[in-house]
Amino acid sequence: MPSDGFTPAFTPVEINYLRDERILEIIWDDGVQTRLGAELLRVESPSAEVQGHHPSEKKIIAGRRHVGIIDIVPVGNYAVRITFDDLHDSGLFSWQYLRELHDNQEKLWNDYLAALKARGLSRDPAKR
């Protein structure tokens, strides 16, 4: 279905959080099933805190290997607000953005791992 810029091309018919696996599972109206890890969702949050206001400002979020989701709240008919257990909740995950994460999941994950390595950072939380 072509998008007019306002209407999402795909809409979830079901969204489930698999707590033990820390996976957000989405069933789309075209039958596609998406499984996104909470860690990927957290480090790719669409918030300005993570993405900045320009691609060059994107922050690399380390130490989120064990992050989970504590709340998922619908926002209109176009998005959800996800609250992570590190209390980050300032990004709206639109249907379009969630579908983009689905389509680009492998590249985003590999880029994230490479960025951590290049900066000497870890997915593991810092020891105090």
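Just so we're clear, the structure is a prediction, and the values are computed from it rather than from any experiment.

**A closer look at the pairing of strand 1 (residues 12–18)**
By the bridge criterion, 6 bridges tie strand 1 to strand 2 (residues 23–28) in an arrangement that is antiparallel. Following the sheet pairing, tyrosine 17 is matched in strand 2 by leucine 24. Counting the residues between successive antiparallel strands, the hairpin from strand 1 to strand 2 contains 4 residues, one of them, arginine 22, with a positive phi of roughly 55°.

**Remarks on the packing of aromatic side chains**
If you walk through the whole model with that rule in mind, you get 3 aromatic pairs. Here the aromatic cluster, defined as three or more aromatic residues joined through ring pairs, consists of Phe84, Phe93 and Tyr97. Sitting over the face of the ring of phenylalanine 10, arginine 99 holds its NZ or CZ atom 3.8 Å from the ring centroid. Between arginine 99 and the ring centre of tryptophan 28, over which it is positioned, the NZ or CZ distance is 5.2 Å.

**Some points on the sheet that holds strand 1**
Spatially, 1-2-3 is the arrangement adopted by the 3 strands of the open sheet, whose pairing is antiparallel. Two strands lie at the open edges of the sheet, namely strand 1 and strand 3 (33–37), each paired on one side alone. Strand-to-strand twist across the sheet, computed as the mean angle between neighbouring axes with direction ignored, equals 15°. Examined bridge by bridge, strand 2 and strand 3 share 5 bridges and lie antiparallel to one another. Paired with glutamate 25 across the bridge in strand 3 is arginine 35. Running at roughly 85° to strand 3, helix 3 (residues 95–118) makes contact with strand 1, strand 2 and strand 3 of the sheet.

**Some thoughts on the UniProt feature "domain: Gamma-butyrobetaine hydroxylase-like N-terminal" (unreviewed entry) in the protein**
UniProt's feature table lists "domain: Gamma-butyrobetaine hydroxylase-like N-terminal" (unreviewed entry) at residues 16–99, given in the numbering used throughout. Within the segment residues 16–99, helix and strand shares are 18% and 36% respectively, and the terminal C-alpha atoms sit 15 Å apart.

How each quantity is defined
- Residues numbered from 1 in each chain as written.
- Predicted model: local features only at pLDDT ≥ 70, side-chain atom pairs only at ≥ 80, totals over all residues.
- Heavy atoms only, no water.
- Pairing = 2+ DSSP bridges.
- Helix = DSSP H or I, 4+ residues; strand = E, 2+ residues; numbered from the N terminus.
- Phe/Tyr/Trp six-rings, centres within 6.5 Å; stacked < 30°, edge-to-face > 60°.
- Lys NZ or Arg CZ within 6 Å of the ring centre and 35° of its normal.
- Axes fitted to C-alpha atoms, helices over the stretch in contact; angles between N-to-C directions.
- Contact = heavy atoms within 4.5 Å.
- UniProt positions renumbered as here; feature names shortened; annotations may be inferred.

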